[in-house]
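What the coordinates show
This is what each chain is made of:
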Amino acid sequence: MDELAKLRRAARFVQRRIAISPKIGVVLGSGLSDALGRLEGEQRLGWERIPHFPRSTVAGHAGEWAFGFLEKRPVLISRGRVHFYEGYSMSEIVFPIRVMKLLGVERVILTNAAGAINREFSVGDFVLIRDHINLIPDNPLRGENLGELGVRFPNLLDAYSARLRAIAKEAAGGLGLELREGVYIATPGPMYETPAEIEAYRRWGADVVGMSTVPEVIAARHCGLEVLAISVVTNMAAGVGSDRLTHEEVLEITKRRESDLAKLLRAIITKM
């Protein structure tokens, strides 16, 4: 079965089981699966039930889709994602994003946990991603183009929607929340970076570093979805801070900022 047939089969399976037509998709990253709580009229589908879907293997990623209403808007919440370092192919990593497109989603909000390279950032900060640098050694568009989804050579000039970023800044201001802005660099993982690597990334212009999101952005833009992405700074990157880095600490910080992130996401969705 070719990739497009798999995507269509998964989309049909989901459509037969949900009562809404979501226009907004939200991906909740490491430790953030419960950030938005339960939706109004929520319906849940575990990824293990959906044909051809990947299975999350990382703590802090619930591996389910939830459908319902948030601030009276029909939404699809992805509680978790899969990563390159888990051994998945790029087509598997972005499979959920492409199914969102076939379900009628038009805009996606991507969240992640990230380390701060910019010395002006602090643990717990929210960072609005305005651009990215991709160091993951593969690409979801490599190989045969899925012409039904998008063009062979998509433009990433406005990968992170300026319109949605303006909405996010307005929403944060209304809540009295500080929302920084910066460039995200995606690395393959799963190891954290060395101090020398972080220093190189800083010189390239990166502000935060993580192991996800960019493949999803590429696939989303390829199929015409408008993208907003927000990082939660869970640690200072190697050589920037003095603490040893552990995944448990990442989950602890995301849990600590969960409530404020939920307020921000709700305010953004209200304005979308």
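Report on the accompanying structure.

Brief notes about the pattern of salt bridges
Tallied over the full model, the rule gives 19 salt bridges. Note that glutamate 64 and arginine 38 form a salt bridge whose closest N and O atoms lie 3.9 Å from each other. Of this pair, glutamate 64 sits in strand E3 (residues 64-70) while arginine 38 sits in the loop between strand E1 (24-28) and strand E2 (40-46), and the two are 26 residues apart along the sequence. Between arginine 44 and glutamate 42 there is a salt bridge; the shortest N-O distance is 3.0 Å. With relative accessibility at 45%, the residue arginine 44 sits in the partly exposed group.

Let's talk about unusual backbone geometry
One can expect most non-glycine residues to show negative phi and most peptide bonds to be in trans. Here the residue pair glycine 189 and proline 190 is connected by a cis peptide bond, since its omega of 5° sits within 30 degrees of zero. For proline 190, the location among the structural elements is in the loop between strand E7 (179-186) and helix H5 (195-204). The phi dihedral of histidine 52 falls on the positive side, at around 70°, and the residue is not glycine. The residue histidine 52 is located in the loop between E2 and E3 in this model. Residue classification places histidine 52 among the partly exposed positions, given a relative accessible area of 33%.

Re helix H3 (residues 95-102)
With 6 of 8 residues buried, H3 lies mostly within the body of the structure. Turning to H3, its buried residues are Phe95, Pro96, Ile97, Arg98, Val99 and Met100.

Thoughts on the packing of aromatic side chains
For the structure shown, the criterion picks out 5 aromatic pairs. With 5.5 Å between their ring centres and 90° between their planes, phenylalanine 53 and phenylalanine 95 make a pair best called edge-to-face. Of the two residues, phenylalanine 53 sits in the loop between E2 and E3 while phenylalanine 95 sits in helix H3, which places them 42 residues apart along the sequence. Neither phenylalanine 53 nor phenylalanine 95 differs from the other in exposure class; each is buried.

Conventions and cut-offs
- Residues numbered from 1 in each chain as written.
- Predicted model: local features only at pLDDT ≥ 70, side-chain atom pairs only at ≥ 80, totals over all residues.
- Heavy atoms only, no water.
- Salt bridge = Lys/Arg side-chain N within 4 Å of Asp/Glu carboxyl O.
- Helix = DSSP H or I, 4+ residues; strand = E, 2+ residues; numbered from the N terminus.
- Buried < 20%, exposed > 50% of the residue type's maximum accessible area, 1.4 Å probe, protein only.
- Phe/Tyr/Trp six-rings, centres within 6.5 Å; stacked < 30°, edge-to-face > 60°.

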